[in-house]
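# Tertiary structure, described
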Amino acid sequence: MIALVTGASSGIGRDIARSLARHGINLIITARREKRLLELKRELVRKYGVKVKIITADLSDEKQVLELYEKVKKYSIDIFVNNAGLGVFGEFTQTDLWSELNMLNVNIRAFHILFKLFVRDFTERDFGYILNTASVAGFLPGPYFSSYYASKAYIVRMTQAVEQELIMKNSSVNLSLLCPGPVATEFGETANVKFITPQANSARLAEHAVREMFGGTFLICENPLVKAGIYASKLVPDPILAVGAGFFQKRRKK
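Here we summarise the structure given alongside this text. (Residues numbered from 1 in each chain as written. Predicted model: local features only at pLDDT ≥ 70, side-chain atom pairs only at ≥ 80, totals over all residues. Heavy atoms only, no water.)

## A short note on a nonpolar patch on the surface
The test is simple: Patches were defined on residues exceeding 30% relative accessible area and lacking a salt bridge, with like-charge contacts within 9 Å and nonpolar side-chain contacts (Val, Leu, Ile, Met, Phe, Trp, Tyr) within 5 Å. For the area figures, the Shrake-Rupley method with a 1.4 Å probe applies, and any residue is considered shielded solely by the protein chains shown. For salt bridges, the criterion is a side-chain nitrogen of Lys or Arg within 4 Å of an Asp or Glu carboxyl oxygen. Numbered from the N terminus, helices here are DSSP runs of H or I no shorter than four residues, and strands are runs of E no shorter than two.
Nonpolar side chains collect at one region of the surface, where Leu97, Trp98 and Leu101 lie side by side and expose about 340 Å² of accessible area between them. In this fold, tryptophan 98 is placed in helix H4 (residues 97-125).

See the structure below:
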C-alpha cells in the first residue's frame, strides 16, 4: 500500500507518516519545507525500510495543489491523509487579511480540491482510505480565532456530507474525520497562540488515528473528554458557546 500525507514536515502530519511507516506503508510526503521532508524520509527509510518519495509544494497556491495531484495519481494511492493546515489568531478586525486568505487557501481550497479528486479516484476503484484532519474547533464558534474555527467547520461539514453520500451508494471507500483538541506541535507558535490547557501527545494521537482509520471509525478523537465535548456542544445554544469560547480564547493571546 502507498499513502500520501500532506503537511508532513511537522506536527500531526509528520507523526501520522511515522505511524504509517511503522505499519509498513510506503509513503509520499509533501509540505513546503524540503529540508524537513528529507530528514523525515531518511528517518523512515532507516527505521522501517519503507519507500518514501518527497514532493515539495505550497498548498496555498492552487496551481501547486493541482500539480501535486498530477504528480501522485500515477502511483495509485491507497491512503490519503488530508492534513495540511494553518492558523491565524487574533481579533477579526486586527488580524492580517492576507495571512487569513493564505490560511483559507490551505485549510479550505487545497483541502477541497484534493479531497474531491481523491474521492473520485477511490470511488471509481471502490477502495481507499481518506483521513481528513479537522479539529474540535470545527464544532464551535471561535471568537479571536474566528477564521481558523470557521475553516475547520468547513472540513467537518464537508466530510460528514460526503460520508453520507458514500454510505448511500454502498461504497467501500473508508472516510475518517480526525478532530483533536490542543496538541503539542509547532502550530501554536506559527499561529501566535499559547495553549492554557493540557496538550495531547502528537505521536500518540497519530498512532490512534491510524489504527482507528484502518478500523473504519468515522469520527476520531484520541481524548474521550474531547469527544464528549463535541457531543455536549450540540446541546448548548451557539450564542452561549460563543461567549464561552471567546472567554477561553482571549486568555490564549501571547
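## Observations regarding the packing of helix H3 (residues 62-72) against H4
Operational definition: All axes here are fitted lines through C-alpha atoms, helices being fitted over the stretch that makes contact, and every angle between N-to-C directions spans 0 to 180 degrees. Angular relationships are summarised with four words: roughly parallel below 35 degrees, roughly antiparallel beyond 145, roughly perpendicular across 65 to 115, and oblique for the angles in between. Crossings are sorted by hand: turned counterclockwise from the far helix by less than a right angle, the near helix makes the crossing left-handed, and turned clockwise it makes it right-handed. Whether two residues touch is decided by their heavy atoms; if any such pair falls within 4.5 Å, the residues are in contact. Each residue is assigned to one of three groups, with Ala, Val, Leu, Ile, Met, Phe, Trp, Tyr, Cys and Pro labelled nonpolar, Asp, Glu, Lys and Arg labelled charged, and all others, Gly among them, labelled polar.
Interhelical geometry of H3 versus H4 gives an angle of 25 degrees and a closest axis separation of 9 Å. Classed by the angle they form, the pair H3 and H4 counts as roughly parallel. Between H3 and H4 lies a crossing whose hand is right-handed. Across from Glu62, Val65, Leu66, Leu68, Tyr69 and Val72 in H3, the residues of H4 making contact are Arg109, Ala110, Ile113, Leu114, Leu117, Phe118 and Asp121. Of the residues in the contact of H3 with H4, the class split is 10 nonpolar, no polar and 3 charged.

## Description of the sheet that holds strand E4 (residues 79-82)
Strand pairing in a sheet takes place through backbone hydrogen bonds and is either antiparallel or parallel in direction. In plain terms, the rule: Two strands make a pair as long as DSSP finds a minimum of two bridges between them.
Spatially, 7 strands are ordered E3-E2-E1-E4-E5-E6-E7 in an open sheet, and the strand pairing comes out parallel. In the strand order of this sheet, the two ends are held by strand E3 (52-56) and strand E7 (219-220), each with one partner. When strand E5 (residues 129-133) meets strand E6 (residues 174-178), the two strands line up parallel, connected through 5 bridges. Looking across to E6, one finds that threonine 133 is bridged to leucine 178. Lying over the sheet, helix H5 (residues 146-168) contacts E5 and E6, oriented at roughly 160 degrees with respect to E6.

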